[in-house]
Amino acid sequence: MRYTFVMPFLTGENGVYILVAIAVHILVYVFVTRKRAKNIVGKHVVITGGSKGIGLCLAVECAMKGANVTVIARDEKMLSGAVALMEVIRQLPEQKFQYRCLDLSSKYEQVAETFANIEESLGDIYMLINCAGLAICGTFEEVSVEDARMLMNVNYWGTYNCTRYVLPKMKKSGEGIIVITASQAALFGIYGYGPYAASKYALRAMAETIAMESRHLGISVTLALPADTNTPGFENEEKTKPKETKIISGGGGLAEPERVAKQILNDALKSNFISILGFESWLVTLLGGGLFRWGGLFQNVFHALLLGPLRVIGCFLHLHFERIIKNCAKEKND
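Residues numbered from 1 in each chain as written. Predicted model: local features only at pLDDT ≥ 70, side-chain atom pairs only at ≥ 80, totals over all residues. Heavy atoms only, no water.

Across the six residues that make up strand β5 (residues 176-181), a large majority, six, are buried. Here β5 shows two buried faces, one formed by Gly176, Ile178 and Ile180 and the other by Ile177, Val179 and Thr181. Since strand β4 (residues 125-130) and β5 lie parallel, the crossover through helix α6 (residues 145-173) that links them has a hand, and here it is right-handed. Looking at chain direction, β5 and strand β6 (residues 219-224) are connected through six bridges and run parallel. Bridge assignment links Gly176 to a residue of β6, and that residue is Ile219. Note that the unit made of β5, helix α7 (residues 194-214) and β6 has a crossover that is right-handed. (Buried < 20%, exposed > 50% of the residue type's maximum accessible area, 1.4 Å probe, protein only. Helix = DSSP H or I, 4+ residues; strand = E, 2+ residues; numbered from the N terminus. Right-handed = clockwise from strand over helix to strand, strands pointing away. Pairing = 2+ DSSP bridges.)

As structure tokens, this is what we get:
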């Protein structure tokens, strides 16, 4: 008799109402348990590569949230302009902004000395955003040995030096945020990105390791994986890109640095490990980062259901890229 009453109750209109109710409860649960953004009002934020591009936009975003901001780069004129811009959008009278000229790829001792001086001026660093970077493209043997070393020095060692300084101090204080800006090239090796991709893969490994070592001590790490972004750095990158690389990477479009910066800061303040923008980036990140620490249970279950079909799409992507490379090679030989 019990089944006689239950089964009709779960069919027809009543069944729809129950499914809707379950969906509403899930949405409410997700809404209630979603992460709250950390507050950086009055906190000291240091941004490398903060004189232009995504780094400058991040400096502006942090200033608008009431943070005290230090920007670091090598061009003093552009750095002074970045500080002037933050002064214009100042949110609080007590906010402080400053800059330092520094080659981040120099010896660690020199970087540590500069960072100690920075902290003397604005206090302990609460948030470090590693945004300094460089891109040089070309087939593996076309990129000079000097350029390959420079890519690793700027992209990897520049980030290493800064992070190496702040991490022990953050662990001791039991709080802090570190952002490591890599690239979609840290997920998927693409024609023409050899030495550059290698330096970005290194940053990915650094971020994953630090996150695992530091999460239980109150430090959050965010790995930013921006795609092509409309910045001065991208303009220089285009000058060295082979035709094949332009065709392959051009399919993802070109993001604006303001949107990318907003997304990175939002993810970092919510302690999200991954920061991406756009469907294409989400697709490549899901395929290339199977062991990444994503969100909660629901998101991981959703990804698990998608990975099988998406793996087939990934196979077709490879075939598509190989076709582009073969066609370009054929044009060169004609």
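From this point, things continue past the structure.
What follows covers the nonpolar core. Of all hydrophobic cores here, the largest spans 44 residues; its most connected members are Phe115, Leu223 and Leu225. Going through the elements one at a time, α5 (108-122), β4, α6, β5, α7, β6, α11 (279-288) and α12 (297-333) are the ones with two or more residues in this core. Of all the elements, α6 adds the most residues to this core, at six residues. By size, the runner-up hydrophobic cluster in this structure holds 34 residues, among which are Leu58, Ala82, Met86 and Ala224. (Core = buried A, V, L, I, M, F, W, Y, C linked by side-chain atoms within 4.5 Å.)

The contact between helix α3 (residues 53-64) and helix α10 (residues 257-269) brings their axes to 8 Å, and the two run at 55°. Here α10 runs oblique to α3, going by the angle between their axes. The chirality of how α3 crosses α10 is right-handed. Between α3, through Gly53, Ile54, Cys57, Leu58, Glu61 and Cys62, and α10, the contact on the second element is made entirely by Pro257, Glu258, Val260, Ala261, Lys262, Ile264 and Leu265. (Axes fitted to C-alpha atoms, helices over the stretch in contact; angles between N-to-C directions. Parallel < 35°, antiparallel > 145°, perpendicular 65-115°, else oblique. Left-handed = near helix turned anticlockwise from the far one by under 90°. Contact = heavy atoms within 4.5 Å.)

Along the polypeptide, Lys246 turns up in helix α9 (residues 243-250). Given a relative accessible area of 39%, Lys246 falls into the partly exposed group. Residues Lys246 and Gly192, spaced 54 residues apart in sequence, show a C-alpha to C-alpha distance of 9.1 Å. The contact partners of Lys246, leaving out residues within four places of it in the chain, are Glu238 and Lys241.

Among the secondary structure elements, Phe273 is positioned in the loop between α10 and β7 (274-275). Under the relative-accessibility criterion, Phe273 is labelled buried at 8%. Sequence spacing of Phe273 and Thr222 is 51 residues, and the spatial spacing of their C-alpha atoms is 4.2 Å. Setting aside its immediate chain neighbours within four residues, Phe273 contacts Ala207, Glu208, Ala211, Val221, Thr222, Leu223, Phe292 and Arg293.

Our focus in this paragraph is the sheet that holds β6. With parallel pairing, the seven strands of this open sheet are ordered in space as β3-β2-β1-β4-β5-β6-β7. Because the sheet does not close on itself, it has two edges, and the strands there are β3 (97-101) and β7. Bridge analysis of β4 against β5 gives four bridges, and the strand direction is parallel. Paired with Asn130 across the two strands is Ile180, which belongs to β5. Of the strands in this sheet, β1 (44-48), β4, β5 and β6 touch α6, which is tilted by about 155° from β4. The sheet strands contacting α7 are β5 and β6, and the helix crosses β6 at an angle near 160°.

Tracing the backbone shows Thr159 in helix α6. Taking relative accessible area as the criterion, Thr159 reaches 3% and is therefore assigned buried. Discounting chain neighbours no more than four positions away, the residues touching Thr159 are Asn130, Val154, Ile180, Leu203 and Met206.

Taken as a whole, this structure holds eight aromatic pairs when the rule is applied. With a centroid separation of 5.1 Å and 80° between ring planes, the pair formed by Tyr156 and Trp157 is classed as edge-to-face. Note on Phe273 and Phe292: the rings are 5.9 Å apart at their centroids and 65° apart in plane angle, and the pair reads as edge-to-face. Residue Phe273 is found in the loop between α10 and β7, and its partner Phe292 is found in the loop between α11 and α12; the two are separated by 19 residues along the sequence. Across the pair, exposure class does not vary: Phe273 and Phe292 are buried alike. Taken together, the ring pairs connect Tyr156, Trp157 and Tyr160 into an aromatic cluster. Here the guanidinium or amino end of Lys43 rests over the ring plane of Tyr126, the centre of that ring lying 3.9 Å away. (Phe/Tyr/Trp six-rings, centres within 6.5 Å; stacked < 30°, edge-to-face > 60°. Lys NZ or Arg CZ within 6 Å of the ring centre and 35° of its normal.)

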